[in-house]
Amino acid sequence: MTYKDYIKWERMPATWCPGCSIGTIFKSLAMTLAKMDRRPEEVVLVSGIGCSGRTAGYFAGDSVHTTHGRAIPVAEGIKRANPALTVIVFSGDGDLVGIGGNHFLHASRRDIDLTVVCVNNGIYGMTGGQMAPTTPRGEKTLTSPGGTAFLPLNIQAVATANPRHFYGRCSTYQVNHLQKVFKEAVSWPGFAFVDVMGFCIENFGRRLGFKSGYEMLFKLKADYKMNPNPAGLLAANELGVVKHDGPGSQA
Ligand SMILES: Cc1ncc(C[n+]2csc(CCOP(=O)(O)OP(=O)(O)O)c2C)c(N)n1
Ligand SMILES: [Mg+2]
């Protein structure tokens, strides 16, 4: 198995803009699955709507491209119907914690055995770069030209509110760490949320003054530090894993 076995090459090139972070994140997931020797037919990939949601169409195994915000409940249905499958949700921040936020709350509360990969580019990318619940305060977007007034949703706090939890924060820059956390999340027997700091050059970065995706990648390098052993929660600028494998909500 190599990462190439998980990608529908006949559909390439992808619709993603040059310099987008989604391809790196998808390739990292494919590399992880190859290393874990999970064959494509053992995996189902479920996406919502958005640029990140297009991934379902490029996965060379069974996949579902659901409606906006509904990837998690569809994935739960698949997992319940066939618990032997590895079910992975791969979608955007707007999709998973904006419109789909209620499903995130309750699937994590019920500790459904899913891996959720959230491409966190801080924006509604596909629709032109509107402010999302993940947009950092003060940043200019299509719908907040003077800078957003609001703090972003604390995804880590929501994910770790449950006694049993797995929350990973990764970045598109640190791909070895990203693959390590993907492996841990896929192996975790319960709800695992991986918040991947990505970026959108065309509908967000240019408005902020970046000239290329490459520049945004190096901003991620500068902004985030690795914390291999967090004592409690990760600080806002830290990458790592926060997990607790105590009794789940069903125990
Ligand atoms: C019910 C519904 N509401 C709104 C939309 C319009 N819409 C399409 S994609 C999207 C945002 C996607 O943002 P995100 O999930 O962050 O993905 P990205 O494009 O940034 O990867 C929205 C609001 C829709 N398709 N369906
Ligand atoms: Mg987004």
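Residues numbered from 1 in each chain as written. Chains lettered and ligands numbered in written order. Predicted model: local features only at pLDDT ≥ 70, side-chain atom pairs only at ≥ 80, totals over all residues. Heavy atoms only, no water.

A. Fine view of the packing of helix α1 (residues 22-36) against helix α6 (residues 175-187). Close contact between α1 and α6 brings their axes to 9 Å; oriented N to C, the two are set at 55°. With respect to α6, the element α1 is oriented oblique. The hand of the α1/α6 crossing is right-handed. Listed contacts from α6 to Thr24, Ile25, Ser28, Leu29, Met31, Thr32, Lys35 and Met36 of α1 are Val175, Leu178, Gln179, Phe182, Lys183, Val186 and Ser187. Across the contact of α1 with α6, the residue classes tally to eight nonpolar, five polar and two charged. (Axes fitted to C-alpha atoms, helices over the stretch in contact; angles between N-to-C directions. Helix = DSSP H or I, 4+ residues; strand = E, 2+ residues; numbered from the N terminus. Parallel < 35°, antiparallel > 145°, perpendicular 65-115°, else oblique. Left-handed = near helix turned anticlockwise from the far one by under 90°. Contact = heavy atoms within 4.5 Å. Nonpolar A, V, L, I, M, F, W, Y, C, P; charged D, E, K, R; others polar.)

B. View of the site of ligand 1. Cys51, Ser52, Asp93, Asp95 and Gly125 are the nearest of the 16 residues found near ligand 1. Here asparagine 121 contributes a side-chain N or O atom positioned 3.0 Å from an oxygen atom of ligand 1. Isoleucine 123 places a main-chain nitrogen or oxygen 3.0 Å from an oxygen atom of ligand 1. Calculation on ligand 1 without its partners gives an accessible area of 600 Å², and the protein chains cover 72% of this total. At the level of elements, α3 (93-99) and β5 (123-124) are the ones that each hand at least two residues to the shell around ligand 1. (Near = heavy atom within 4 Å. Polar contact = N/O pair within 3.5 Å; in protein donor to acceptor, adjacent residues only side chain to side chain. Areas by Shrake-Rupley, 256 points an atom, 1.4 Å probe, with all protein chains shown as cover.)

C. Broad picture of the sheet that holds strand β10 (residues 238-244). Pairing in this open sheet of eight strands is mixed, and the strands run β2-β1-β3-β4-β8-β7-β10-β9 from one edge to the other. Strand pairing shows two members of the sheet lacking a second neighbour, β2 (62-65) and β9 (225-226), which therefore form its edges. (Pairing = 2+ DSSP bridges.)

D. Structural detail: the pattern of salt bridges. Under the definition given, this model contains nine salt bridges. Through salt bridges with shared partners, a single network forms among Arg39, Glu41 and Glu42. (Salt bridge = Lys/Arg side-chain N within 4 Å of Asp/Glu carboxyl O.)

E. Molecular detail of the packing of aromatic side chains. What the rule picks out here adds up to nine aromatic pairs. With centroids separated by 6.4 Å and ring planes inclined at 70°, the aromatic side chains of tyrosine 3 and tryptophan 9 adopt a geometry described as edge-to-face. Of the residues examined, tryptophan 9 reaches a relative accessible area of 42% and is grouped as partly exposed. Where tyrosine 173 meets phenylalanine 218, the ring centres are 5.5 Å apart and the plane angle is 65°; that geometry is what we call edge-to-face. (Phe/Tyr/Trp six-rings, centres within 6.5 Å; stacked < 30°, edge-to-face > 60°. Buried < 20%, exposed > 50% of the residue type's maximum accessible area, 1.4 Å probe, protein only.)

F. Highlighting the coordination of the magnesium ion (ligand 2). Bound to the magnesium ion (ligand 2) on the protein side are Asp93 (OD), Asn121 (OD1) and Ile123 (O), at distances that span 2.0 to 2.2 Å. Sequence positions of the donors to the magnesium ion (ligand 2) reduce to the motif D-x27-N-x1-I. In this pair, aspartate 93 is assigned in helix α3 and isoleucine 123 in strand β5, connecting sequence segments 30 residues apart. Of the residues examined, aspartate 93 reaches a relative accessible area of 2% and is grouped as buried. Exposure remark for isoleucine 123: the relative accessible area of 2% places this residue in the buried category. (Donors = N, O, S within 2.8 Å, 3.2 Å for Na, K, Ca; no water.)

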